[in-house]
Amino acid sequence: KLSALNIVGAPTLSGLSAGGFMAVQMHVAHSATFNGSAIYAAGPYFCAEGSFSFAEEKCMYYLMGGPDTSKLISYTDKQVSAKTIDDTANLKDDKVFIYSGSKDSVVDPKVVHALEDYYNNYLPQGNVVSNFKLASQHCIPTLNYGETCGKLSSPYIGDCAYDGAGTGLQQMLGTLNKATSAVAANLFTFDQTPFFSGAGKDICLSDTGYIYIPTACQNGASACRLHMSFHGCSQEQASIGSDYANHAGFNTWAEANNIVVVYPYAVANQKLGNPNACFDWWGYTDPSGEVNYTLQSGVQIKFAKSIVDTLIGTAAQK
């Protein structure tokens, strides 16, 4: 069961693919809480506009003209006015890293360029750093783990001789100590059920997630940063076990720099149109006629935010 740790500074976010879309949603909806994101192979906030066909056509294959970035910015600003998300003025001092492999056949790099355009609307020049040059397929790129970099294959963690996680963390947090070995015993499972009501499968959330707590952070003696990372589609426990939490590349940096990394986990639900255990970036959790999934009221956003609040110690005590 999760409890508060000695967390300092504003937390940061990351995610691959559907998890990247989810991280963007969290960052924009709760910009007063988070102050950076590292996004791998995903597009702008509200890209799918609540439509599964838009998700596939516009936001993966760059068809139908691709993401309508100016429309998505207008939608964002409207939600700020409606107070359904935090004020985007909070984004202006944030740091963002954006990655897309040049061989990505799942999420077209042009979609990821649209994310760069979106963030550049709110962040000053230089605060968004991107890499579109590596010839990787659809994956989070690592130094030496996973499938061949240019091949589309599970676990969607690419052996690319490139430290995607480390590059992202350094862009968000500044100069860091050199990565060290992760400690296997420091990756714990945690109970996700206190953070949602009802059955997790009804909103595609697993009963368990993972959290990496560096040795120095475990007794509360050291002040530690907090990072939350979302896996992509087909990276849930049923497909690849704990591979994303273990091998995406964040834990080696976490151990060396006193960063707690929490990994929420999703599950598949065929009835909801989510057979690949993607986090919700097109609206499958929304009741009919409502579009809440990118707002603070979205059930998966509320779930993830309550995990962060608990770890920081700002959660309302039940």
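The residue numbering used here restarts from 1 in each chain and proceeds along that chain's sequence as written. Only residues with pLDDT of at least 70 are given local features in this predicted model, and only at 80 or more are side-chain atom pairs given and counted; all residues enter the totals for whole chains, interfaces and linings. The basis for every side-chain value is the complete set of non-hydrogen atoms in the structure, without hydrogens or water.

Structurally, a disulfide amounts to a covalent bond that connects the sulfur atoms of two cysteines. Here, two cysteine sulfur atoms that lie within 2.5 Å of each other are counted as a disulfide. With the rule as written, the count across this model stands at 4 disulfides. Note that Cys149 is cross-linked by a disulfide to Cys160, the S-S spacing being 2.1 Å. When the S-S torsion is 100°, as for the bridge of Cys149 with Cys160, the disulfide is right-handed. Here Cys160 lies in the loop between strand E7 (157–159) and helix H5 (164–173) and Cys149 lies in the loop between strand E6 (147–148) and E7, a separation of 11 residues in the sequence. Through a disulfide, Cys217 is tied to Cys224; the S-S separation comes to 2.1 Å. Across the S-S bond linking Cys217 and Cys224, the dihedral sits near -100°, which makes this disulfide left-handed. Taken individually, Cys217 and Cys224 each receive the classification buried, so the pair is uniform in this respect. Free of any disulfide, Cys139 has its nearest neighbouring cysteine sulfur in Cys160, separated by 4.2 Å. Not part of a disulfide, Cys204 finds its nearest cysteine sulfur in Cys278, a span of 8.6 Å. Secondary structure elements are defined from DSSP: runs of H or I of at least 4 residues count as helices, runs of E of at least 2 residues count as strands, and each element is numbered from the N terminus. Any residue under 20% of the maximum accessible area for its type is buried, any over 50% is exposed, and the rest in between are partly exposed; the area is computed with a 1.4 Å probe on protein chains only.

With that settled, the discussion passes to the sheet that holds strand E1 (residues 12–16). Any two strands with at least two DSSP bridges between them are considered paired. Ordered in space as E4-E3-E2-E1-E10-E11-E9-E8, the 8 strands form an open sheet in which the pairing is mixed. Edge positions in the sheet fall to strand E4 (128–131) and strand E8 (187–191), since each has one partner strand and no second. Sheet twist, expressed as the mean angle between neighbouring strand axes with direction ignored, is 20°. Where strand E10 (residues 225–230) lies against strand E11 (residues 259–263), 4 bridges are found, and the strand directions are parallel. Residue pairing for E11: His227 is matched across the bridge by Val261. Pairs of residues are marked as contacts when any of their non-hydrogen atoms sit within 4.5 Å. Note on geometry: axes are C-alpha line fits, over the in-contact stretch for helices, and angles between N-to-C directions span 0 to 180 degrees. The strands touched by helix H4 (residues 109–122) are strand E2 (36–40), strand E3 (95–99) and E4; relative to E3, the strand with the most contacts, the crossing angle is about 170°. In this fold helix H8 (residues 250–257) packs onto E1, E2, E8, strand E9 (208–212), E10 and E11, with an angle of close to 150° to the strand it touches most, E11.

Each strand in a sheet pairs with another by means of backbone hydrogen bonds, the pair being arranged parallel or else antiparallel. Spatial ordering of the open sheet is given by E5-E7-E6, a layout of 3 strands whose pairing is parallel. Every other strand in the sheet has two partners, leaving strand E5 (140–142) and E6 as the edge strands with one partner each. Relative to E7, E6 runs parallel, the two being bridged by 2 bridges. By the bridge assignment, Glu147 is partnered in E7 with Gly158.

It is worth spelling out empty space enclosed by the protein at this point. Here a cavity denotes a set of grid points, spaced 1 Å apart and computed over the protein atoms alone, in which a 1.4 Å probe fits but from which it cannot get out, and a pocket denotes an open set meeting protein on both sides within 12 Å along at least five of seven lines; residues with an atom within 4 Å of a point are reported as lining. Grid points are joined across faces, edges and corners, and a volume is the space filled by probe spheres set on the points. Going through the model one piece at a time under the given rule, you end up with 1 cavity of 30 Å³ or more. By volume, the largest cavity amounts to about 30 Å³. Forming the walls of the largest cavity are Phe21, Val24, Gln25, Pro44, Tyr45, Phe46, Cys47, Ala48 and Trp281. For this classification, the nonpolar set comprises Ala, Val, Leu, Ile, Met, Phe, Trp, Tyr, Cys and Pro, the charged set comprises Asp, Glu, Lys and Arg, and every other residue, Gly included, is treated as polar. When its residues are assigned to classes, the lining of the largest cavity shows 8 nonpolar, 1 polar and no charged.

On their own, these measurements won't tell you what the molecule is for.
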